[in-house]
Each structure stands twice: as C-alpha cells, then as structure tokens.
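# A closer look at the structure
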Amino acid sequence: MTLPTLIDLKAQAKRLRLAITKSNDTAVSHSKSLELIAKQYGYRDWNTLHAAAQNNGFRLFTVGDRVNGQYLGQAFEGEILGFSKTGKSGTYQVTIQFDAPVDVVTFDSFSSYRRRVTCTIRENGVAINRTSDGRPHLIMDYAA
C-alpha cells in the first residue's frame, strides 16, 4: 500500500481531532490523533508510521532534475537550478529555468514572459501560493 505524504497524514490527524472534538465535546490532543491515524493504517504508533511514510519511495527534487508541469496555468518544461528546505516543515524553495519563456498573462493584448521562477512548494511539487481562482502557482513533476 502506498502511504500518503507526511503532510497529508498530519492533515488527516487534524481533521480527525476536530471531528472527534465536535461530535463528542471531548478535546483530543494532536498527538493522540496522530496515534489514531497510525492505528488506522495498521502501524503500532505514529513514529513507526512516520518512518514508513518517509521511506515510501519518495524522492525529493534536486538541482539538475528535469521537470515539467504548469506555471500560472501555462505548460512548461525546464531544469531545477536551486532547491532548498525552508524553515517551515515540509516546504522547499525551488528555482526553475524554463526551456522556453512562459507567458504568465492571460489577457489577449498584453504579454509578460518568464524564463526563470522561484516558488515555495510542498514535497509533492505543488506550490503553496495560489491564484485568485484557487489554482496553485506551480505544479511540477519529474520529466519523463
């Protein structure tokens, strides 16, 4: 079974904690909800699940990786020039050099091309920041 990312597991624990608290009027600690999520996935405790999720075949992006995806709704291919962990858990700063400039403006009579961008992403390659319609600024994956 492929496990969700650590970010997703922690989000599940938070939702579980809120649901239990709401339905039972009983406060449940975040650590208790993490332990319950571990049991749900068949693990002895949160630490065991945490270790299993980290070793789930997930490979972080690295400098020099070829990637493709969408930036502000426009398709791109490019290379990672910079990749570093931020101070916030599970987030990384990535700098991508696009193979071809990407027009980031959707207005017909105006264009603005980007050749290089820097974004804060989660482990799954999806940017934290979103456009006004809720789409992530950047969605990237390893190029085939």
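Procedures and definitions
Residues numbered from 1 in each chain as written. Predicted model: local features only at pLDDT ≥ 70, side-chain atom pairs only at ≥ 80, totals over all residues. Heavy atoms only, no water. Salt bridge = Lys/Arg side-chain N within 4 Å of Asp/Glu carboxyl O. Helix = DSSP H or I, 4+ residues; strand = E, 2+ residues; numbered from the N terminus. Core = buried A, V, L, I, M, F, W, Y, C linked by side-chain atoms within 4.5 Å. Buried < 20%, exposed > 50% of the residue type's maximum accessible area, 1.4 Å probe, protein only. Contact = heavy atoms within 4.5 Å. Expected span 1.5 Å × (residues − 1). Arc of directions from axis to C-beta. Phe/Tyr/Trp six-rings, centres within 6.5 Å; stacked < 30°, edge-to-face > 60°.

## Quick word on the pattern of salt bridges
Working definition: two side chains of opposite charge can pair if their charged atoms are close together. Counted by the stated rule, this structure contains three salt bridges. A salt bridge links Asp-99 to Arg-66, with the nearest nitrogen and oxygen atoms 2.5 Å apart. Of this pair, Asp-99 sits in strand β3 (residues 91-103) while Arg-66 sits in strand β1 (residues 66-71), and the two are 33 residues apart along the sequence.

## Focus: the nonpolar core
Residues Tyr-71, Phe-76, Val-94, Ile-96, Ile-121, Leu-138 and Met-140 are the most contacted members of the largest nonpolar core, which totals 19 residues. For this core, the secondary structure elements donating two or more residues are β1, β2 (74-85), β3, β4 (113-122) and β5 (138-142). Counting residues per element, this core draws most heavily on β3, which supplies five residues. Beyond its immediate chain neighbours, meaning those up to four positions away, Phe-76 contacts Val-67, Asn-68, Gly-69, Gln-70, Tyr-71, Ile-96, Phe-98, Val-102, Leu-138, Ile-139 and Met-140. Counting eleven residues, the second largest nonpolar core, distinct from the first, contains Leu-6, Leu-34, Ala-38 and Tyr-41.

## Observations regarding helix α1 (residues 6-24)
In an α-helix, one turn spans 3.6 residues; hence positions three or four apart end up facing the same way. Between its terminal C-alpha atoms α1 stretches 27 Å, which fits the 27 Å expected from 19 residues at 1.5 Å a residue. When α1 is considered as a whole, its buried residues turn out to be Leu-6, Leu-9, Gln-12 and Ala-13. For α1, the angular spread of the buried residues around the axis is 115 degrees, confining them to a single face. Across α1 from its buried face, at more than 90 degrees, point the exposed residues Arg-15 and Lys-22. Once α1 finishes, Asp-25 follows within two positions and takes phi at roughly 50 degrees, a positive value.

## A closer look at unusual backbone geometry
In the Ramachandran plot, Asp-25 falls in the positive-phi region, its phi being about 50 degrees despite a non-glycine side chain. On the secondary structure map, Asp-25 appears in the loop between α1 and α2 (30-40). With a relative accessible area of 73%, Asp-25 lands in the exposed category. At Leu-72, a position not held by glycine, the phi torsion is positive, near 50 degrees.

## What about the packing of aromatic side chains?
Each aromatic ring pair is described using two quantities: the centre-to-centre distance and the angle formed by the ring planes. What the rule picks out here adds up to five aromatic pairs. With 6.3 Å between their ring centres and 55 degrees between their planes, Phe-61 and Phe-83 make a pair best called tilted. Pair noted here: Phe-61 is in the loop between α3 (46-54) and β1 and Phe-83 is in strand β2, with a separation of 22 residues, a long-range link. Taking the relative accessible area as the measure of exposure, Phe-61 reaches 4% and is therefore buried. Seen from their ring centres, Phe-83 and Tyr-92 are 5.2 Å apart, and the 15 degrees between their planes marks the pair as stacked. Just as Phe-83 is buried, Tyr-92 falls in that class too. Members of the aromatic cluster, connected to one another through ring pairs, are Phe-61, Phe-83, Tyr-92 and Tyr-142.

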